[in-house]
Amino acid sequence: MTTADADRGARGRARAPRRLAALVLGEALVDLVCPRPVAALAEADLFAPSPGGVAANVAIVAARHGAAVGLAGGVGDDAWGRWLRAQLAREGVDLRFFPAREGARTGVAFVAVDPDGEPTYELYGDDGASVRDALADRLDEALEATDGLLLTTNALVDEQQRELVLELRERALAAGKAIVFDPNVRLHRWPLRSRAQQMANACVRGALLVRATAAEAELMTGESDPEMAARALLAAGARMVVITRGAAGAILRGELRLDVPGVPARVRSTMGAGDTMTGILLAHLARSGWYPAAAAAALPEAVRAAARATERWSALAPA
């Protein structure tokens, strides 16, 4: 081998994409958040941009906590899409499965937060099929590139995308890869409540971790008691379940057991708390090589960070 050959080989190795510990499937959009409480969106007089969408938020939080994480989805090849891709890249999120799609419009959400901290959204742009567009002919490549997947029901609303995502999930399970499932159920996106319930429950079997709010766990199991809901989700095939209880903290059940009390917070907005918790749990599991004890070790930090997330207007803290 000549010196030139060696140099070309070294450059080729340097360009090789890193292996991902986790690939997050789902939407990314731009949140335009009014940084003061208002009773309705029409009262908002100022908006500040921030990355948004549960998948993008989780990926950013996981990357900030040291995980090699990628995002599967996409944006439009427009000004907001370029802005969002730049933000994600700056955070260290791998974008090889996150194209800018010509002719598509990047999703934008105008967000108003009421005096109780509850957000309302007005959505514009394209959504619903970004994962399908990104992975339609790249399932083998995506499976080969990562050791685990994170799913939400938001990626299952579009029928054709649902088929692709569930196929990827089954193939990942068959290949021994880890699955983390955050239901993140948004009932207004579904034609029927029962359909949302069915699709959420379809992702439980085989999951290393299901992270759900108490309300989502009740929707999925019919159990209003988080303890009983966790038992039902474990019986349905999850290995571990974390159920968050708002100000009361969170419980972990399954292969490990832990109760973490809530942390006092001066709530401005609840919009980023769940994504923050899921991102931290995902990061610790991924960095450990998907060792279950990492979830228990990370849960107190995740509860504290979720509480702090409610004290800001946007879903993510500034980088």
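Our subject in this report is the structure included herewith. All figures in this text were calculated on a predicted structure; none of them were measured in a lab.

Conventions adopted
Residues numbered from 1 in each chain as written. Predicted model: local features only at pLDDT ≥ 70, side-chain atom pairs only at ≥ 80, totals over all residues. Heavy atoms only, no water. Salt bridge = Lys/Arg side-chain N within 4 Å of Asp/Glu carboxyl O. Helix = DSSP H or I, 4+ residues; strand = E, 2+ residues; numbered from the N terminus. Buried < 20%, exposed > 50% of the residue type's maximum accessible area, 1.4 Å probe, protein only. Pairing = 2+ DSSP bridges. Axes fitted to C-alpha atoms, helices over the stretch in contact; angles between N-to-C directions. Contact = heavy atoms within 4.5 Å. Phe/Tyr/Trp six-rings, centres within 6.5 Å; stacked < 30°, edge-to-face > 60°. Core = buried A, V, L, I, M, F, W, Y, C linked by side-chain atoms within 4.5 Å.

This paragraph deals with the pattern of salt bridges. Scanning the entire structure with this criterion turns up 20 salt bridges. Between Arg 19 and Asp 147 there is a salt bridge, with the nearest N and O atoms lying 2.9 Å from each other. Placement of the pair is Arg 19 in the loop between helix 1 (3-15) and strand 1 (22-25) and Asp 147 in the loop between helix 5 (139-145) and strand 9 (148-151), with a sequence separation of 128 residues. Using a relative accessible area of 43% as the deciding quantity, one classes Arg 19 as partly exposed. Judged by relative accessible area, which is 31%, Asp 147 ranks as partly exposed. One salt bridge in this structure joins Arg 132 and Asp 158, with 3.4 Å as the shortest N-O distance. Of the two residues, Arg 132 sits in helix 4 (residues 130-135) while Asp 158 sits in the loop between strand 9 and helix 6 (159-174), which places them 26 residues apart along the sequence. Look at Arg 132 and you get partly exposed, because its relative accessible area is 22%. The partly exposed category is assigned to Asp 158, whose relative accessible area is 25%. Each of Arg 101, Arg 132, Asp 133 and Asp 158 takes part in salt bridges that share partners, so that together they form one network.

In this section: the sheet that holds strand 14 (residues 258-260). The strand order across the open sheet built from eight strands is 4-1-9-10-11-12-13-14, with neighbouring strands paired in mixed fashion. For this open sheet the edge positions go to strand 4 (69-72) and strand 14, each flanked by a neighbour on one side alone. Looking at each pair of strands side by side, their axes are set apart by 15° on average, direction ignored. Judged from the two bridges that link them, strand 1 and strand 9 form a sheet pairing that is parallel. Among the inter-strand pairings, Leu 23 is bridged to a residue of strand 9, identified as Leu 149. Contacts from helix 10 (residues 273-287) reach strand 1, strand 9, strand 10 (178-181), strand 11 (209-213), strand 12 (240-244) and strand 13 (250-254) within the one sheet, and its direction differs from that of strand 11 by about 165°.

According to the stated counting rule, one finds three aromatic pairs in the structure shown. Consider the rings of Trp 80 and Trp 83, whose centres lie 5.6 Å apart with planes at 90°: the pair is edge-to-face. Residue Trp 80 and its partner Trp 83 are both found in helix 3 (residues 79-90); the two are separated by three residues, about one turn of the helix. A relative accessible area of 32% places Trp 80 in the partly exposed class. Ring geometry for Phe 110 versus Tyr 124: centroids 5.8 Å apart, planes at 90°, classification edge-to-face. Of this pair, Phe 110 sits in strand 7 (residues 108-113) while Tyr 124 sits in strand 8 (residues 119-124); the two residues are 14 residues apart in sequence, bridging distant segments of the chain. Overall, the relative accessible area of 47% leaves Tyr 124 in the partly exposed class.

Here we take up the nonpolar core. By size, the foremost hydrophobic cluster in this structure holds 53 residues, and its most contacted members are Leu 71, Leu 88, Leu 282, Leu 285 and Trp 290. The leading source of residues in this core is helix 2 (residues 54-64), at nine residues. Excluding its chain neighbours within four sequence positions, the residues that come into contact with Leu 285 are Val 180, Leu 208, Leu 209, Met 240, Trp 290, Tyr 291, Pro 292, Ala 294 and Ala 295.

On to the sheet that holds strand 7. Here we have four strands laid out as an open sheet, ordered 3-2-7-8, and mixed in their pairing. Every other strand in the sheet has two partners, leaving strand 3 (48-52) and strand 8 as the edge strands with one partner each. Across the sheet, the mean angle from the axis of one strand to that of its neighbour is 30°, orientation sign disregarded. Pairing of strand 2 (residues 29-37) with strand 7, which is carried by five bridges, proceeds in the parallel orientation. By the bridge assignment for strand 7, Val 33 is matched with Val 111. Along the sheet, helix 3 makes contact with strand 2, strand 3 and strand 7, crossing strand 3 at roughly 65°.

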